[in-house]
Amino acid sequence: MSTWAKATEFTTGAYKRQERTFRSWIKKDGEFPPEKDRYHLYVSYACPWACRTLTVRKLKGLEDVISVNIVDTFLEKEVGWTLMEKDEGSTPDTVNGFKHLKEIYYKADPNYDQSFTVPVLWDKKKSTIVNNESSEIIRMLNAEFNDLAKNPQLDLYPEALRPKIDEVNAWVYDGINNGVYKCGFAQKQEAFDQAYANLFSAMDRVEDILSSSRYLAGNQFTEADVRLFQTLIRHDLVYHTHFKCNKARIVDYPNMWEYVKEIYQMPGIKDVVNFDHIKKHYYASHRHINPFGIIPSGPTLHLEVPHKRGQ
């Protein structure tokens, strides 16, 4: 089954995201030490959780250290993610030669019975999954590969800001990152209404913070911004319409829109944002929401217009 099908609580109609299963850690002198060409990411350009890992990999300069494969856009209900080069920008599985992501999970654990999600951090040497929790993978990429990174000085989780980052991450995750999915996958009106209210309450909170602060945790760009950005960049494109999160677009929030443009315009960020994959995945895959799989042509997002943050 797909992630969205297995994760809905049918009693209340509310969407509940499953906990991830593989939670090992890359660490010097540990079971999984940081090494060049040892680790591999399986990701989707459509998935905000997976694109967190691509973003940090790019910002830290780990492209030559950790290899990547990109799944196809269409997520079939019973088959799951595929690696068959069906879309421009998707790739075959260059490590294991599999056609389906679920085969990777079964290779790591033949008895695996949870969802087949991205991202997956794979160990080529031990032929197993190290971790499939995006929030943990980005911290490993941020801190554990500095001896191999082109940008080791960049710290997206600085010690002095960790309490603030953790606090922001908690309510942003519940209200926004996961909040859009709670709206989109709700199966009862009450569950949708609650998720919708929480989403836009959190959006208003972000807008207020950004009115006086350059970034979410202060004047330093951190993982909190990486995590939020990958949701916000998808909002006007898919969540506003497809997930019925239509109270406001990001362009309707003056501070948030400039913030999104600033991050999008940072070196390397646009390389991990694929609007074609995003739209194709959501509109074509979720047939319980969009039965005919019609993919809209718009909207046009003017993300290249110079931002006004810091002025």
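Residues numbered from 1 in each chain as written. Predicted model: local features only at pLDDT ≥ 70, side-chain atom pairs only at ≥ 80, totals over all residues. Heavy atoms only, no water.

Things to note about helix H9 (residues 254–264)
Inference 1: Most of H9 sits out of view: 9 of its 11 residues are buried.
Inference 2: Regarding H9, the residues found buried are Met-256, Trp-257, Glu-258, Tyr-259, Val-260, Lys-261, Glu-262, Ile-263 and Tyr-264.
Inference 3: Contacts from the buried residues of H9 go to helix H7 (189–210), helix H8 (223–242) and helix H10 (275–285). (Buried < 20%, exposed > 50% of the residue type's maximum accessible area, 1.4 Å probe, protein only. Helix = DSSP H or I, 4+ residues; strand = E, 2+ residues; numbered from the N terminus. Contact = heavy atoms within 4.5 Å.)

A few points about the sheet that holds strand E6 (residues 128–131)
Inference 1: Strand order in the open sheet formed by 4 strands is E4-E3-E5-E6, with mixed pairing between adjacent strands. In the strand order of this sheet, the two ends are held by strand E4 (67–70) and E6, each with one partner. For this sheet, the mean inter-axis angle between neighbouring strands, taken without regard to orientation, is 35°.
Inference 2: Where strand E3 (residues 39–43) lies against strand E5 (residues 120–123), 4 bridges are found, and the strand directions are antiparallel. Following the sheet pairing, Leu-41 is matched in E5 by Leu-121.
Inference 3: Against the sheet, helix H2 (residues 48–60) touches E3 and E4, its axis set at about 135° to E3. (Pairing = 2+ DSSP bridges. Axes fitted to C-alpha atoms, helices over the stretch in contact; angles between N-to-C directions.)

Looking at the nonpolar core
Nonpolar side chains tend toward joint burial in soluble globular proteins.
Inference 1: Grouped together as the largest cluster of nonpolar side chains are 96 residues, with contacts concentrated most on Ile-104, Tyr-181, Met-203 and Tyr-259.
Inference 2: The greatest single-element share of this core, amounting to 10 residues, is contributed by H7.
Inference 3: When neighbours within four sequence positions are excluded, Tyr-259 is seen to be in contact with Leu-210, Arg-214, Tyr-215, Leu-216, Asp-225, Leu-228, Leu-232 and Arg-309. (Core = buried A, V, L, I, M, F, W, Y, C linked by side-chain atoms within 4.5 Å.)

As for the packing of aromatic side chains
Inference 1: Summed over the entire model, instances satisfying the criterion amount to 20 aromatic pairs.
Inference 2: Taking 6.3 Å as the distance between ring centres and 40° as the angle between the ring planes, the aromatic pair formed by Trp-49 and Tyr-181 counts as tilted. One end of the pair, Trp-49, is in helix H2; the other, Tyr-181, is in helix H6 (residues 179–184), and 132 residues separate them in sequence.
Inference 3: On the basis of relative accessible area, Tyr-181 is assigned to the buried category, the value being 8%.
Inference 4: Ring centres 5.2 Å apart and planes at 70° place the aromatic pair Phe-185 and Phe-243 in the edge-to-face group. Taken together, the positions of Phe-185 in the loop between H6 and H7 and Phe-243 in the loop between H8 and H9 put the pair 58 residues apart, joining distant regions of the chain.
Inference 5: Judged by its relative accessible area of 0%, Phe-243 is buried.
Inference 6: Pairwise contacts between aromatic rings join Trp-49, Tyr-173, Tyr-181, Phe-185, Tyr-239, Phe-243 and Tyr-282 into one cluster.
Inference 7: Lying over the aromatic face of Phe-32, Lys-126 brings its terminal NZ or CZ to 5.1 Å of the ring centre.
Inference 8: Lying across the ring of Trp-171, Arg-205 places its NZ or CZ 4.1 Å from the centre. (Phe/Tyr/Trp six-rings, centres within 6.5 Å; stacked < 30°, edge-to-face > 60°. Lys NZ or Arg CZ within 6 Å of the ring centre and 35° of its normal.)

Some remarks on the confidence of the model for the protein
Inference 1: Of all residues in the protein, 96% have pLDDT values of 70 or greater, and the mean over the chain is 95.
Inference 2: Confidence drops under a pLDDT of 50 for residues 1–5, and excluding neighbours within four residues, the segment shows 18 contacts in the predicted structure. (pLDDT = per-residue confidence, 0-100.)

A closer look at the environment of Pro-299
Inference 1: Structurally, Pro-299 is set in the segment after H10.
Inference 2: Ignoring anything within four residues of it in the chain, the contact list for Pro-299 reads Asp-236 and Leu-237.

Let's talk about the pattern of salt bridges
Inference 1: Following the criterion strictly, the structure yields 22 salt bridges and no others.
Inference 2: We note a salt bridge from Lys-125 to Glu-35, for which the minimum N-O separation is 3.1 Å. A residue pair is termed long-range when its members are at least 10 positions apart, and Lys-125 in the loop between E5 and E6 and Glu-35 in the loop between strand E2 (14–15) and E3 qualify at 90 residues.
Inference 3: In this structure, Lys-58 engages Asp-271 in a salt bridge whose closest nitrogen and oxygen atoms are separated by 3.2 Å. (Salt bridge = Lys/Arg side-chain N within 4 Å of Asp/Glu carboxyl O.)

With respect to empty space enclosed by the protein
Inference 1: Summed over the entire model, instances satisfying the criterion amount to 2 cavities of 30 Å³ or more.
Inference 2: A volume near 40 Å³ is recorded for the largest cavity.
Inference 3: Elements with a minimum of two residues in the lining of the largest cavity: H8 and H9.
Inference 4: For the lining of the largest cavity, the element with the highest residue contribution is H8, accounting for 3 residues. (1 Å grid on protein atoms, 1.4 Å probe; cavity = no way out; pocket = protein on both sides within 12 Å on 5 of 7 lines; lining within 4 Å. Points joined across faces, edges and corners; volume = space filled by probe spheres on them.)

So, the packing of H8 against H10
Inference 1: Interhelical geometry of H8 versus H10 gives an angle of 20° and a closest axis separation of 10 Å. On the basis of the axis angle, H8 is roughly parallel to H10. Seen from above, H8 lies across H10 with right-handed handedness. Contact residues: Ile-233, Arg-234, Leu-237, Val-238, Tyr-239, Thr-241 and His-242 in H8; Phe-275, Ile-278, Lys-279, Tyr-282 and Tyr-283 in H10.
Inference 2: Grouping the constituent residues of the contact of H8 with H10 by class yields 8 nonpolar, 2 polar and 2 charged. (Parallel < 35°, antiparallel > 145°, perpendicular 65-115°, else oblique. Left-handed = near helix turned anticlockwise from the far one by under 90°. Nonpolar A, V, L, I, M, F, W, Y, C, P; charged D, E, K, R; others polar.)

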